[in-house]
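A structural walkthrough
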Amino acid sequence: MSAIDTFRASAHAGHAGVFAKLFTKFAAWNEARRTRAALAGLSDRELADIGLTRYEAESFAR
C-alpha cells in the first residue's frame, strides 16, 4: 500500500513540473511582449537617450 501511495505522489509531481515549465515559458513570453510594446512606444530620441536604436530595441526584447 505504501508503494502505491509513493508512486501516485511522484506521478502527480511530474504533472506539476510540466505545468511549472509551461507557466515559466508563458511568463517569459509575456514579459518579452510587454518589453517590445513599451520600447515600440518610445520615439527615436527617447530610444537614443537610453542608448538604443529602433533595430536594437527589437533585438533587445527577444
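Higher on the page you've got the structure.
What you are looking at is a predicted structure, and each value in this text was computed from that prediction instead of being measured. (Residues numbered from 1 in each chain as written. Predicted model: local features only at pLDDT ≥ 70, side-chain atom pairs only at ≥ 80, totals over all residues. Heavy atoms only, no water.)

Of the regular secondary structure elements, the protein holds three helices and zero strands. A total of 62 residues make up the protein; the buried ones form 10% of that total. Put simply, the protein shows about 5,300 Å² of open surface, and 64% of that area lies on carbon and sulfur atoms. (Helix = DSSP H or I, 4+ residues; strand = E, 2+ residues; numbered from the N terminus. Buried < 20%, exposed > 50% of the residue type's maximum accessible area, 1.4 Å probe, protein only. Areas by Shrake-Rupley, 256 points an atom, 1.4 Å probe, with all protein chains shown as cover.)

Another aspect to go through is the pattern of salt bridges. The full count for this structure, using the stated rule, is one salt bridge. With a closest N to O distance of 2.9 Å, R54 and D44 form a salt bridge. Of this pair, R54 sits in helix α3 (residues 54–61) while D44 sits in helix α2 (residues 44–49); the two residues are ten residues apart in sequence, bridging distant segments of the chain. Take R54: its relative accessible area is 38%, and that puts it in the partly exposed class. (Salt bridge = Lys/Arg side-chain N within 4 Å of Asp/Glu carboxyl O.)

A complete count under the given rule lists one aromatic pair for this structure. Relative to W29, the ring of F26 has its centre 5.7 Å away and its plane inclined at 35 degrees; by these criteria the two rings are tilted. Here the residue F26 and the residue W29 both occupy positions in helix α1 (residues 2–40), the gap between them amounting to three residues, near one helical turn. Classification of W29 by relative accessible area gives partly exposed; the value is 47%. (Phe/Tyr/Trp six-rings, centres within 6.5 Å; stacked < 30°, edge-to-face > 60°.)

Residue placement: E56 occurs in helix α3. On the basis of relative accessible area, E56 is assigned to the partly exposed category, the value being 36%. There is a polar contact of 2.9 Å between the side chain of E56 and the backbone nitrogen of T53. (Polar contact = N/O pair within 3.5 Å; in protein donor to acceptor, adjacent residues only side chain to side chain.)

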